[in-house]
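Coordinate analysis (summary)
Okay, here's what each chain looks like letter by letter:
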Amino acid sequence: MKLAILDESGGAPLFGRVPSEQIAKHFFKVGLLNVIIAVAVTLPVLVPQLGLPLKLEVWPGTWMFVSYFIFLIVGVMGCFMWCFIYYMLPRVFEKNTVSEFLALSQLVSFEVAVVGICALMGVDAGYYGGTLYHNGFGPVVVTQLIAWAVIPIGTLIVVALLSTVTGVFNVVTATKEG
Amino acid sequence: MAAIFVAGGAVSSGIGVITTSSGANSSTSSGVSFPSLNGPPPSGFGQPVLQSHLQKLNSRDVVGATNDFTSNGVMIWTGTTQGLGGVYSGQGNIRVTLQTAIGSASSLSYTIVSFNASGSTSNPSVAGASAVLSFNGKSAILGTFNGTIIAKYEYVNQAGTWLIQQELSDYTTFNVQYSQGSTTFPQWQITGPPLPQRYSESPFKNWVYFYGGAAAAVAVAGYLSSLPIVLYFKKKRGSNGATRRRSQNG
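Residues numbered from 1 in each chain as written. Chains lettered and ligands numbered in written order. Predicted model: local features only at pLDDT ≥ 70, side-chain atom pairs only at ≥ 80, totals over all residues.

Moving on: the overall build of chain A. Looking only at helices and strands, one finds six helices and two strands in chain A. The order of α-helices and β-strands along chain A, N terminus first, is β-α-α-α-β-α-α-α. The C-alpha radius of gyration computed for chain A amounts to 20 Å, which surpasses the reference 16 Å derived for 178 residues by more than 25%, pointing to a less compact arrangement than a globule. Counting only C-alpha atoms and orienting by the principal axes, one finds that chain A spans roughly 70 × 30 × 20 Å. A total of 178 residues make up chain A; the buried ones form 43% of that total. (Helix = DSSP H or I, 4+ residues; strand = E, 2+ residues; numbered from the N terminus. Rg over C-alpha atoms; globule rule 2.2 N^0.38 Å. Buried ≥ 20, exposed ≤ 12 C-beta atoms within 10 Å, placed from the backbone.)

Turning our attention to the environment of T131(A). Position of T131(A) among the secondary structure elements: in helix 4 (residues 100-134). Taking the number of C-beta atoms within 10 Å as the measure of exposure, T131(A) has 18 and is therefore partly exposed.

Parsing chain B into structural domains produces domain 1 (25-176) and domain 2 (202-250). Centre-to-centre, using C-alpha coordinates, domain 1 of chain B lies 60 Å away from domain 2 of chain B. (Domains from an automatic or database assignment.)

What follows covers the packing of helix 5 (residues 139-146) of chain A against helix 3 (residues 90-102) of chain B. Between helix 5 of chain A and helix 3 of chain B, whose axes approach to 10 Å, the crossing angle comes to 95°. In terms of orientation, helix 5 of chain A lies roughly perpendicular with respect to helix 3 of chain B. On helix 3 of chain B, the residues that touch V140(A), V141(A), Q144(A) and L145(A) of helix 5 of chain A are V96(B), T97(B) and T100(B). Here the contact of helix 5 of chain A with helix 3 of chain B is built from residues that sort into four nonpolar, three polar and no charged. (Axes fitted to C-alpha atoms, helices over the stretch in contact; angles between N-to-C directions. Parallel < 35°, antiparallel > 145°, perpendicular 65-115°, else oblique. Contact = placed C-beta atoms within 7 Å. Nonpolar A, V, L, I, M, F, W, Y, C, P; charged D, E, K, R; others polar.)

Moving on to helix 3 (residues 62-92) of chain A. Residue and element names in this part refer to chain A. A bend of about 35° at G78 is the largest found in helix 3. Among the residues making up helix 3, those that are buried are W63, M64, S67, Y68, F71, G75, G78, C79, W82, C83, Y86 and L89. In this structure, the buried side of helix 3 is in contact with helix 1 (20-42), helix 2 (52-56), strand 2 (97-99), helix 4 and helix 6 (150-172). In the segment just after helix 3, E94 is the residue with positive phi, at about 55°. (Bend = angle between axes of the 7 residues up to and from the residue.)

Let us now look at the nonpolar core. Judged by nonpolar contacts, the single largest core of 89 residues is most densely connected at F27(A), Y86(A), I117(A) and Y155(B). Here the element with the most residues in this core is helix 4 of chain A; it accounts for 14 residues. Filtering out sequence-adjacent residues up to four positions away, F27(A) remains in contact with C79(A), W82(A), C83(A), Y86(A) and L107(A). (Core = buried A, V, L, I, M, F, W, Y, C linked by C-beta atoms within 7 Å.)

Residues and elements named next belong to chain B. Reading across the sheet, the six strands line up as 4-3-8-7-6-5 and stay open at both edges, with mixed pairing between neighbours. Of all strands in the sheet, those with a lone pairing partner are strand 4 (86-89) and strand 5 (105-119), marking the two edges. Going from strand to strand, the sheet's axes swing by 15° on average, the running direction of each strand aside. Of the strand pairs in this sheet, strand 5 and strand 6 (residues 126-139) are connected by 13 bridges, and their pairing is antiparallel. In the strand pairing of strand 6, S118 is matched with G128. Packed onto the sheet, helix 1 (residues 47-58) meets strand 5, strand 6, strand 7 (143-158) and strand 8 (161-176) and runs at close to 165° relative to strand 5. (Pairing = 2+ DSSP bridges.)

Our next topic: helix 6 of chain A. Between its first and last C-alpha, helix 6 of chain A extends 33 Å over 23 residues, near the 33 Å set by a 1.5 Å rise per residue. Among all positions in helix 6 of chain A, only V150(A), I151(A), I153(A), L156(A), A160(A), L162(A), S163(A), T166(A), G167(A), F169(A), N170(A) and V171(A) are buried. (Expected span 1.5 Å × (residues − 1).)

This part takes up the confidence of the model for chain B. All names here are of chain B. Model confidence for chain B is summarised by a mean pLDDT of 81, while 80% of its residues fall at 70 or above. Across residues 1-30, where pLDDT falls below 50, the model places 74 contacts with residues more than four positions away in sequence or in other chains. For this predicted complex, the interface confidence comes out at an ipTM of 0.75, alongside a pTM of 0.75. (pLDDT = per-residue confidence, 0-100.)

Here the focus is the packing of helix 3 of chain A against helix 4 of chain A. Residues and elements named next belong to chain A. It is at 7 Å that the axes of helix 3 and helix 4 come closest, and there the two elements cross at 165°. It follows from the interaxial angle that helix 3 and helix 4 lie roughly antiparallel. Crossing of helix 3 over helix 4 shows left-handed handedness. Contacts between helix 3 and helix 4 involve W63, M64, V66, S67, Y68, I70, F71, V74 and G75 from the former and V114, I117, C118, M121, G122, A125, G126, Y127, G129 and G130 from the latter. Residues of the contact of helix 3 with helix 4, tallied by class, amount to 13 nonpolar, six polar and no charged. (Left-handed = near helix turned anticlockwise from the far one by under 90°.)

Moving on: the pairing of strand 4 of chain B. Regular strands have side chains that alternate between both faces of the sheet. Residue and element names in this part refer to chain B. Looking at chain direction, strand 3 (residues 69-79) and strand 4 are connected through four bridges and run antiparallel. By the bridge assignment for strand 4, I76 is matched with V87. Remark: six residues form the turn of the hairpin made by strand 3 and strand 4, two consecutive strands paired antiparallel; Q82 in that turn has positive phi of roughly 55°.

Next up on the list: the pairing of strand 3 of chain B. Of the pairings in the sheet, the one linking strand 3 of chain B to strand 8 of chain B comprises seven bridges and is parallel in character. Following the sheet pairing, T78(B) is matched in strand 8 of chain B by D170(B).

When pLDDT is averaged along chain A, the result is 89; 91% of the residues meet or exceed 70. The low-confidence segment residues 1-7 of chain A (pLDDT under 50) makes 18 contacts with residues lying over four places distant or belonging to another chain.

The subject of this paragraph is unusual backbone geometry. Of note, the bond from W59(A) into P60(A) is cis; its omega dihedral lies within 30 degrees of zero at -5°. Tracing the chain through its elements places P60(A) in the loop between helix 2 and helix 3. For R60(B), which is not glycine, the phi torsion reads 55° and is therefore positive. Inspection of the secondary structure puts R60(B) in the loop between helix 1 and helix 2 (62-66). In this structure, Q82(B) is a non-glycine residue whose phi angle is positive, near 55°. Its location among the elements puts Q82(B) in the loop between strand 3 and strand 4.

Here is the structure:
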């Protein structure tokens, strides 16, 4: 339900407003999606032919660990945390509506950034680089082959930060609506 | 730019000790066998064959140098390799390694110090070469560099062309101006302060290093710091609206 309203104090809304709990539902669904992704990316550990335990223990295969826990902490727990924040907003602060534009911008950029960062970090740097190193490639050669991902990852980190700040904006500009 | 995909410790050769013996076939630690050829070199094989390969390296002809190997050729670099050491099997892996090693060099010169050719008494299409090579040059990654290699080659004759089946290069010395600096940004070092006098060959990377990264951080910080400003104007607008409603209601 989209509500084009004036906030209680009489100011015009910055964007279209939606109930905060509706955004909480979106984050909950994306959180479930990330749980499924987490299960899927854990499955290769069970495939002996991939030799993941060997590749995980040496640089740059350790980036798979880093990326995996980033995904669990930020992608899964972070998503449910934002779900919790939007769900609790009306209950704790009696702020019922938030900007739909900001919320969807936050949700989309959050998911793109987290999945992108973890994919580049885990697949390119971690798995590909770890496989090359495990196969006897020199560290300088491996570095040259995986280093292309550094700037895209940095860019996606910026996107993730902007997404987070957008979420904060949305929460603090939430309005009361009966 | 928090992610730095560089080795955290000292740069190693990446492979274990490689051994050769005087037997018919000797094994390396990587499982690659290197034959011992005791016969005279076959007709048409000699120093010019290796010289041709080195000339392609000197001119940074990565594709040409890669094509001097057989499709399943093996290139093993060991010793003091400045992180380039490894076992590279197949033309694809060899090309990538040569691209990394010599692709960024602005000048490069391999010189044959000594050369010995040998062959098989039973197979005229196989030849071996032992050589001592010296090299020097300059690259964006290593700065100025020089060194010495004790190299062994196994050649096979395919359709009248001598191709390298195996190369075993032991870098006995490899002196470089910049060590452990082969990362996304040449300015980065694993240890020690950044080296701002080093520049990447990519203008984009230099822009990111000097301006882009900091600009992105400033943009995020600016976005964050605009939060109290927005709150101030929102509160002020709400306050004005309430005043207006009170005056309209008398």
